[in-house]
Amino acid sequence: MKNFLALDTSCGYMSVVAVKDGNAFCSYLPDCTMKHSVLLMQTVDETLKKADMTLGDCDFFAAVVGAGSFTGIRIGISAVKGFCLATGKPALPITSFDTVAYNALDGEKILCLVDALHGYYYACGYEKGEITLAPAYLSEAEVLALKEQGYKLVACENLDISATTVSPVEGLKNAAIALSQRGAFAPLEALYIRKSSAELNAEKNK
């Protein structure tokens, strides 16, 4: 297994995972809303110290590229791009849906959910590790309709809608391992399923 550092700043929480010689060292902050930029580098440093490793020991760096908070996504991507540039190591993009799915890949038909606020959700369907429903921006009614079609609702944080909750840290670790073994290294690009509120408001005001 390769050594790596993986970050998730896409949602209200923050996850940092360092893996060295097959051993995982994790940090998880459950409520980082609007604080990711302040807390990220400190948390990365603390996690690397737990693992007794440096950035130079990493074979690759992973970041969650979305869906989720527009600002949070950019913070994680920028940090990992910096690590890659400094070390010459490759980047591994992971989606928020991957962090959910790699907790629950047991053959079930699952709908991975991320809170998009105001009764809407970012969603992506998986079955047996394969995407069955492309990432989408759905209302609660649309999510419940998919539940009626046999999808099990799963998320990494508590939602207003009833869903099974799984570990964002475990999912981040599992996704980084699985996707790196597939060779899914690529430039980091944010996964924005819909336009930001600022963009939508600007269009309305035109």
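Below, the structure is looked at part by part. For clarity, every value in this text was computed on a predicted model and none was experimentally measured.

Moving on to the overall build of the protein. Each helix and strand in the protein was counted, giving 6 helices and 10 strands. For 206 residues, the compact-globule formula gives about 17 Å, and the C-alpha radius of gyration of the protein, at 17 Å, lands near that figure. With the principal axes as the frame, the protein shows a C-alpha extent of 45 × 45 × 30 Å. When burial is assessed residue by residue, the protein has 47% of its 206 residues classed as buried. Considering only contacts in the protein between residues 6 or more positions apart, those separated by 24 or more positions represent 62%. A total accessible area of about 9,900 Å² is found for the protein, and carbon and sulfur atoms account for 51% of it. Placing the 18 positive and 23 negative side-chain charges of the protein at their respective mean positions leaves the two points 4 Å apart.

Moving on, we come to the sheet that holds strand 4 (residues 60-64). One open sheet accounts for 5 strands, arranged 3-2-1-4-5; its pairing is mixed. Because the sheet does not close on itself, it has two edges, and the strands there are strand 3 (23-29) and strand 5 (91-94). With direction set aside, neighbouring strand axes in the sheet form an average angle of 15 degrees. Packed on one face of the sheet, helix 1 (residues 36-51) meets strand 1 (4-8), strand 2 (14-20) and strand 3 and runs near 25 degrees to strand 2. Contacting strand 1, strand 2, strand 3, strand 4 and strand 5, helix 5 (residues 168-181) runs over the sheet at an angle of about 125 degrees to strand 5.

A few words now on the packing of aromatic side chains. Scanning all chains against the criterion turns up 7 aromatic pairs. Considering the side-chain rings of F60 and F185, the 5.3 Å spacing of their centres and the 70 degrees angle between planes classify their relative orientation as edge-to-face. A residue pair is termed long-range when its members are at least 10 positions apart, and F60 in strand 4 and F185 in the loop between helix 5 and helix 6 (197-205) qualify at 125 residues. Members of the aromatic cluster, each reached through a chain of ring pairs, are F4, F60 and F185. Positioned over the ring face of Y151 is K109, at 4.6 Å from the centre of the ring.

So, on to the pairing of strand 2. A large share of strand 2 lies buried, amounting to 6 of its 7 residues. Inspection of the sheet shows strand 1 paired to strand 2 by 5 bridges, in the antiparallel sense. The residue bridging A6 from the neighbouring strand is V17, located in strand 2. Turn length for the strand 1-strand 2 hairpin, with the two strands adjacent in sequence and antiparallel, is 5 residues. The turn linking strand 2 back onto strand 3 is made up of 2 residues, and D21 within it adopts a positive phi angle of 50 degrees.

Under the definition given, this model contains 1 cavity of 30 Å³ or more. In this structure, the largest cavity spans a volume of roughly 50 Å³. As for the largest cavity, its lining consists of C11, Y13, S96, T99, V100, L113, V114, D115, A155, C156, E157 and L159. Breaking the lining of the largest cavity down by element, the ones donating at least two residues are helix 3 (96-101) and strand 6 (109-117). For the lining of the largest cavity, the class distribution of residues is 8 nonpolar, 2 polar and 2 charged.

Relative to the elements of secondary structure, T43 occurs in helix 1. A distance of 2.7 Å separates a polar side-chain atom of T43 from the backbone oxygen of L39. With sequence-adjacent residues up to four places away left out, T43 is seen in contact with M14, V16, S27 and L29.

Definitions and cut-offs
- Residues numbered from 1 in each chain as written.
- Predicted model: local features only at pLDDT ≥ 70, side-chain atom pairs only at ≥ 80, totals over all residues.
- Heavy atoms only, no water.
- Helix = DSSP H or I, 4+ residues; strand = E, 2+ residues; numbered from the N terminus.
- Rg over C-alpha atoms; globule rule 2.2 N^0.38 Å.
- Buried < 20%, exposed > 50% of the residue type's maximum accessible area, 1.4 Å probe, protein only.
- Contact = heavy atoms within 4.5 Å.
- Areas by Shrake-Rupley, 256 points an atom, 1.4 Å probe, with all protein chains shown as cover.
- Lys, Arg positive; Asp, Glu negative; His and termini not counted.
- Charge placed at Lys NZ, Arg CZ, Asp CG, Glu CD.
- Pairing = 2+ DSSP bridges.
- Axes fitted to C-alpha atoms, helices over the stretch in contact; angles between N-to-C directions.
- Phe/Tyr/Trp six-rings, centres within 6.5 Å; stacked < 30°, edge-to-face > 60°.
- Lys NZ or Arg CZ within 6 Å of the ring centre and 35° of its normal.
- 1 Å grid on protein atoms, 1.4 Å probe; cavity = no way out; pocket = protein on both sides within 12 Å on 5 of 7 lines; lining within 4 Å.
- Points joined across faces, edges and corners; volume = space filled by probe spheres on them.
- Nonpolar A, V, L, I, M, F, W, Y, C, P; charged D, E, K, R; others polar.
- Polar contact = N/O pair within 3.5 Å; in protein donor to acceptor, adjacent residues only side chain to side chain.

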